[in-house]
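Remarks on the overall topology
What follows is each chain in one-letter form.
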Amino acid sequence: MTDDTPTKPDREGGCPPSEGCEVELTDDNRHAMMAAAVRILAVDAISAARSGHPGVALGAADIITVLFTKFLKFDVQDPHWPDRDRFVLSAGHGSAMLYAVLHLLGFEDMSLEDLKTFRQLGSRAAGHPEYGLAAGIETTTGPLGQGLATAVGMAIAERHLAAEFGPEVVDHHTWVLAGDGDLMEGISQEAISLAGHLRLGKLIVLFDDNGITIDGAVNVADSTNQLARFAASEWHVQSIDGHDPEAIAQAIAAAKEDPRPSLIACRTEIGFGAPEVAGTSKVHGAPLTEEQVAGLRKALKWPCDVPFDVPCEIRDVWRLAGLRGRKERKAWQKRLEKLPASRHAECVRRIAGELPEDFRPALRRLRSELAEEAPALATRQASQRVLEVVNTVLPETVGGSADLTGSNNTFTEGMGTFSAATPEGRYIHYGIREHAMAAAMNGLAVHGGIIPYGGTFLVFSDYARGAMRLSALMRQRAVYVMTHDSIGLGEDGPTHQPVEHLASLRAMPRMLVFRPADAVETAECWQLALQNAERPSVLALTRQKVEPVRTTPEKTNLCARGAYELADGENGDTEVVIFASGSEVAIALKAREMLEEAGHATRVVSVPCMELFDEQDEEHKARIIGREKVRIAVEAGVREGWWRFISRDDIFVGMHDFGESAPGPVLYEHFGITAEAVFQAAMERLESGGSGDATEAGSGD
């Protein structure tokens, strides 16, 4: 026997169980009893919490048991093994089932105590799977459809990295368990059509086809032929009995052989084994009664009456299944070490998520060049200038756009297009699929080895918001390039002009919202977005040209403080301070000139990132906010969020309604977002002694 041969595992958690909790395993009952262990532990956890969704745990346990014990590639002794298979529970409400499986397999951070404290404060067994709480949870799921779409990004990551580093070190599958709700959500269509187009053959979706939703039978709301739908998107499709382990295994084996992504529709009974409620919507989201739990144990021939007890014989075979991948993982480690030294070092760096040593110097040089050159560029164009450097020094960036490449300026020379034929390419044409793009970016990020960025118009962040929220919740480095950031985009009108979007995104915890004023600030903001390994970022960029506001090279990244003094008063103690972001910084500077000429010392503070400003020390914040008697904020968006800098009685120059269709400069005049309007509002307040009711300039009246 070698050290790679799984041995009888140490018994933990429930071994030895209570008296009489024993079973003799045979070839005839082994699968049934292993699946029963999943069902019983999940139901016991839900019963203890008096909250949860037993239906999917009972219905899909056969599918999960076959997958995890016979096909899924992983090693509980190295749960973060980079070449492991990824499993995504897109039907995240079935989390108790996943936690039961992880515990049975021997994942150290999913203890029996976690199952007993399911859905309680501090438990790793949260109400829905949360990335980072425990190994084996590959992504946060719960909002239906998100897991499926995120898995597409994981499959893209595997395909791309295999092309880059070779199948010797990157060769794994992405698996999804999805329910009817996942397939009804609109994001699923975006995701499956993209996956089929890209021929992501290592993506396999197991559809828990139980025909039930909360409101009742699926057919009260939907009559889609899911097999035909997936087949139309170039998927390999099969339909099987989801309670037949042999059929499940045969279908999975066939799916692995097909070059297309695969859907296996597994017909199951929701709440399998639960008396009175099996096959009905009643078992979807409510704990079983004590009588139903007792009946379930009897129906499954479960020998243990005490909650959370598992016969040692069953626990042992599950633990051995958790060790199945150890030999394969060690062989992979040897192959990794045989890579040429430079490739080995690069692969290890990418896996660790560390930026290369030449990243900061390269960005510092670029910032100096842009300051000296002082180009008048739209910040979306400046972003492309930055990406030309970034994509050269960071081979791990994978970019893309939702059919707006030429507008978002997200493609740079030499990237190549990622496609079924050219998986080594680093640019993804997502098509008009903003929601799937954002979710796929999450998949690229959580997979590891890749830093994703993707572009669309800022107003269409509404389409992507669900996935963007998960980026923040999971603390993933995903960069959302959102161009056409205000009424400055002009003629496309109010349907395309973002007004409330900056405030809305700034309200999202952990999200960094950058709105740079010129090319130098754009470079600084890109650098900060890439250096923040545990936060997603939005880069809100202009369509229109902006004048340079930073023309002196700086050794430090001024945007790192979130807000900084761009111009001081020249006439003694300052009376006025103007806070502004993005394209309105130039307006603030012009208004300052007018006020200085009128004899009123005025400061201008650029505010590229409110979230980073919030995190500064109190001394810095007090210095930036100042004590001027006239305080003004200027932004071509709504006022919400500017409370950090101005009070309710101070002046805000911005938007108070939706935009209009007209050229950008005309709209700025129409809505009163001009240097003259800022100057006039400041003068009126100065003449009144610096006090007065809140002034809302820029109404367009």
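Scroll up for the structure.
Residues numbered from 1 in each chain as written. Predicted model: local features only at pLDDT ≥ 70, side-chain atom pairs only at ≥ 80, totals over all residues. Heavy atoms only, no water.

A word on the overall build of the protein
Counted only if it meets this: Helix numbers and strand numbers start at the N terminus; a helix is a DSSP run of H or I with at least 4 residues, a strand a run of E with at least 2. Computation of the radius of gyration draws on C-alpha atoms, with the globule rule given as 2.2 Å multiplied by the number of residues to the power 0.38. For the exposure calls, accessible area comes from a 1.4 Å probe over protein chains only, and a residue counts as buried if that area is under 20% of its type's maximum, exposed if over 50%, partly exposed in between. Throughout, a residue-residue contact means that at least one pair of heavy atoms, one from each residue, lies within 4.5 Å. Under the counting rule used here, the positive set is Lys and Arg, the negative set is Asp and Glu, and His together with the chain ends is not counted. Each charge is placed at NZ for Lys, CZ for Arg, CG for Asp and CD for Glu.
Within the protein, the secondary structure is distributed over 25 helices and 21 strands. Over its C-alpha atoms the protein spans a radius of gyration of 29 Å, differing by no more than 12% from the 27 Å that the globule rule assigns to 701 residues. Counting only C-alpha atoms, the protein reaches 95 × 55 × 50 Å along its principal axes. For the protein, with 701 residues in total, the buried portion stands at 62%. Pairs at least 24 apart in sequence give 78% of the contacts found in the protein among residues at least 6 apart. Where the 69 positive side-chain charges of the protein centre and where its 102 negative ones centre are 5 Å apart.

A look at helix α25 (residues 675–687)
Selection criterion: To estimate how far a helix should extend, the number of its residues minus one is multiplied by 1.5 Å.
With 13 residues, α25 should cover 18 Å at 1.5 Å per step; its first-to-last C-alpha distance of 18 Å lies within 8% of that length. Along α25, the residues that are buried comprise Ala-675, Ala-677, Val-678, Phe-679, Ala-681, Ala-682, Met-683, Arg-685 and Leu-686. Looking at the residues trailing α25, positive phi occurs at Gly-689, about 90 degrees.

Quick notes on the side chain of His-435
Defined as follows: Pairing of N or O atoms within 3.5 Å defines a polar contact, subject to two protein rules: one partner must be a possible hydrogen donor and the other a possible acceptor, and residues neighboring in sequence count only if both atoms are side-chain atoms.
Considering the arrangement of structural elements, one finds His-435 in helix α17 (residues 434–447). Engagement of the side chain of His-435 in a polar contact is seen with the side chain of Gln-146, the distance being 2.8 Å.

Re helix α2 (residues 54–71)
In an α-helix, one full turn covers 3.6 residues, which means residues spaced three or four apart are oriented alike. Heads up, the condition is: In this scheme, the bend at a residue equals the angle between the axes fitted to the seven residues that finish there and the seven that begin there.
For α2, spanning 18 residues, the distance from its first C-alpha to its last is 25 Å, which sits close to the expected 26 Å at 1.5 Å a residue. At Ala-60, α2 is deflected by roughly 55 degrees, the largest bend along its length.

A closer look at the state of the cysteines
As a reminder, the rule being used: When the sulfur atoms of two cysteines come within 2.5 Å, that pair is taken as a disulfide.
Overall, the coordinates contain one disulfide when judged by the stated rule. With a sulfur-sulfur separation of 1.6 Å, Cys-21 is cross-linked through a disulfide to Cys-304. Judged by the sign of its S-S torsion, about 65 degrees, the cystine formed by Cys-21 and Cys-304 is right-handed. Of this pair, Cys-21 sits in the segment before α1 (30–49) while Cys-304 is found in the loop between α10 (290–299) and α11 (312–322), placing the two residues 283 residues apart along the sequence. Look at Cys-21 and you get buried, because its relative accessible area is 1%.

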